[in-house]
Amino acid sequence: MEITLKINGSEKKLSVEPRTLLVHAIRDAGLTGTHIGCDSSSCGVCTVVLDGKTAVKSCTMFAVQAEGHEITTIEGMAQGGQLHPLQQAFHDQHGLQCGYCTPGMIMAAHVLLQHNPNPTEEEIRFGLSGNLCRCTGYQNIVKAVQQAAEMLRQPSSAAADD
Ligand code: FES
Ligand code: FES
């Protein structure tokens, strides 16, 4: 069957089966930043943003459920070649090593900061507890989110956020 949804601002028509998981549909559409790290909805490396405000694990949603909705993936974060403050902060603070968890981690952090622009360390750790990382030990991810939060709170960088 064919479904229509918006991905990173562009309308896409995708041909899927009812059982096709959203993560597979996204990756088959060429957006391979969204990863698969488990088969039990626990790792969060498949996290994307639904309708600009909700983080969803795309391995636990069927593609047909996204019909008519807007999905943002990591590929939609940079604007005009300029890194989103979260991407810049993960780079600056060494919040990634293998990079496999990073797309999902950034999408989850993006939603976290929309709901809580000035989170405490504890709130960041709790807010990202659905996202597992094997490499960093999380400490630098927390620092990256703190840096991004600070950047996003400054009026000059508000334009860099979507
Ligand atoms: S792939 Fe692990 S939660 Fe989606
Ligand atoms: S950077 Fe390797 S899993 Fe997080």
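Conventions and cut-offs
- Residues numbered from 1 in each chain as written.
- Chains lettered and ligands numbered in written order.
- Predicted model: local features only at pLDDT ≥ 70, side-chain atom pairs only at ≥ 80, totals over all residues.
- Heavy atoms only, no water.
- Salt bridge = Lys/Arg side-chain N within 4 Å of Asp/Glu carboxyl O.
- Buried < 20%, exposed > 50% of the residue type's maximum accessible area, 1.4 Å probe, protein only.
- Helix = DSSP H or I, 4+ residues; strand = E, 2+ residues; numbered from the N terminus.
- 1 Å grid on protein atoms, 1.4 Å probe; cavity = no way out; pocket = protein on both sides within 12 Å on 5 of 7 lines; lining within 4 Å.
- Points joined across faces, edges and corners; volume = space filled by probe spheres on them.
- Nonpolar A, V, L, I, M, F, W, Y, C, P; charged D, E, K, R; others polar.
- Domains from an automatic or database assignment.
- Contact = heavy atoms within 4.5 Å.
- Polar contact = N/O pair within 3.5 Å; in protein donor to acceptor, adjacent residues only side chain to side chain.
- Core = buried A, V, L, I, M, F, W, Y, C linked by side-chain atoms within 4.5 Å.

> Is there a simple way to think about the pattern of salt bridges in this case?
Oppositely charged side chains may form a pair once their charged atoms are brought near each other. Applying the stated criterion across every chain yields a total of two salt bridges. Residue Glu17 is joined to Arg19 by a salt bridge in which the shortest nitrogen-to-oxygen separation is 2.9 Å. Among the residues examined, Glu17 registers a relative accessible area of 42% and is labelled partly exposed. Salt-bridge contacts for Glu121 lead to Arg125; the nearest nitrogen and oxygen are separated by 2.8 Å. Of the two residues, Glu121 and Arg125 are both situated in helix H4 (residues 121-127); the distance of four residues between them amounts to about one turn of the helix.

> For this particular structure, what's the right way to read the layout of surface pockets?
Gaps between atoms show up when a probe of the same size as a water molecule is rolled over them. A volume near 200 Å³ is recorded for the largest pocket. If you go around the largest pocket, the residues you meet are Gly37, Cys43, Val45, Cys98, Tyr100, Cys101, Leu132, Cys133, Arg134 and Cys135. When grouped by side-chain class, the residues that make up the lining of the largest pocket number eight nonpolar, one polar and one charged. Here the lining of the largest pocket spans two domains, and each of domain 1 (2-76) and domain 2 (85-154) adds at least three residues to it.

> Explanation requested: the side chain of Thr72 in the structure shown.
Residue position: Thr72 is located in strand S5 (residues 70-72). The class of Thr72 is buried, set by a relative accessible area of 10%. With sequence-adjacent residues up to four places away left out, Thr72 is seen in contact with Asn8, Val48, Val49 and Met107.

> Could you clarify how one ought to interpret unusual backbone geometry in this entry?
For residues other than glycine, phi is negative in most cases, and the peptide bonds are mostly trans. The backbone phi angle of Asn8 is positive, close to 50 degrees, even though this residue is not glycine. Mapped onto the fold, Asn8 is located in the loop between strand S1 (2-7) and strand S2 (10-15). Judged by its relative accessible area of 25%, Asn8 falls in the partly exposed class. Even without a glycine there, the phi angle at His94 is positive, about 55 degrees. Along the chain, His94 turns up in the loop between helix H2 (85-92) and helix H3 (102-115).

> I'm lost on the environment of Ala55 in this one. Help?
Here Ala55 lies in strand S4 (residues 54-57). Looking at Ala55, the relative accessible area reads 35%, which means it is partly exposed. It is 8.5 Å that separates the C-alpha atoms of Ala55 and Leu112, two residues lying 57 residues apart in sequence. With near-sequence residues (within four places) excluded, Ala55 lies in contact with Thr47, Val48, Ala108 and Val111.

> Which parts of the structure should I look at to understand the domain arrangement of the chain?
Accessible area lost on assembly of the parts is the figure often given for the size of an interface. Split by domain assignment, the chain resolves into domain 1 (2-76) and domain 2 (85-154). Of note, the centres of domain 1 and domain 2, computed from C-alpha atoms alone, are 21 Å apart. Taken together, the contact between domain 1 and domain 2 spans 19 residues of the former and 16 residues of the latter. The interface formed by domain 1 and domain 2 includes zero salt bridges. For the interface between domain 1 and domain 2, the tally reads eight residue pairs in polar contact (both at pLDDT 80 or more). When residues of the side of domain 1 that touches domain 2 are traced back to their parent elements, those giving at least two are strand S3 (47-50) and S4. Of the residues in the side of domain 1 that touches domain 2, the class split is seven nonpolar, ten polar and two charged.

> Please explain the nonpolar core as it appears in this structure.
If you look at soluble globular proteins, the nonpolar side chains tend to sit buried side by side. Among the nonpolar cores identified, the biggest contains 26 residues, and Leu86, Phe90, Met105, Ile106, Leu128, Ile141 and Val145 are the most heavily contacted of them. Domain assignment of the residues forming this core places at least three in each of domain 1 (2-76) and domain 2 (85-154). Those residues in contact with Ile106 that sit more than four places away from it in its chain are Ile74, Met77, Leu86, Gln87 and Phe90. The next biggest cluster of nonpolar side chains, apart from the first, holds 16 residues, and it includes Leu31, Leu50, Met61 and Ala63.

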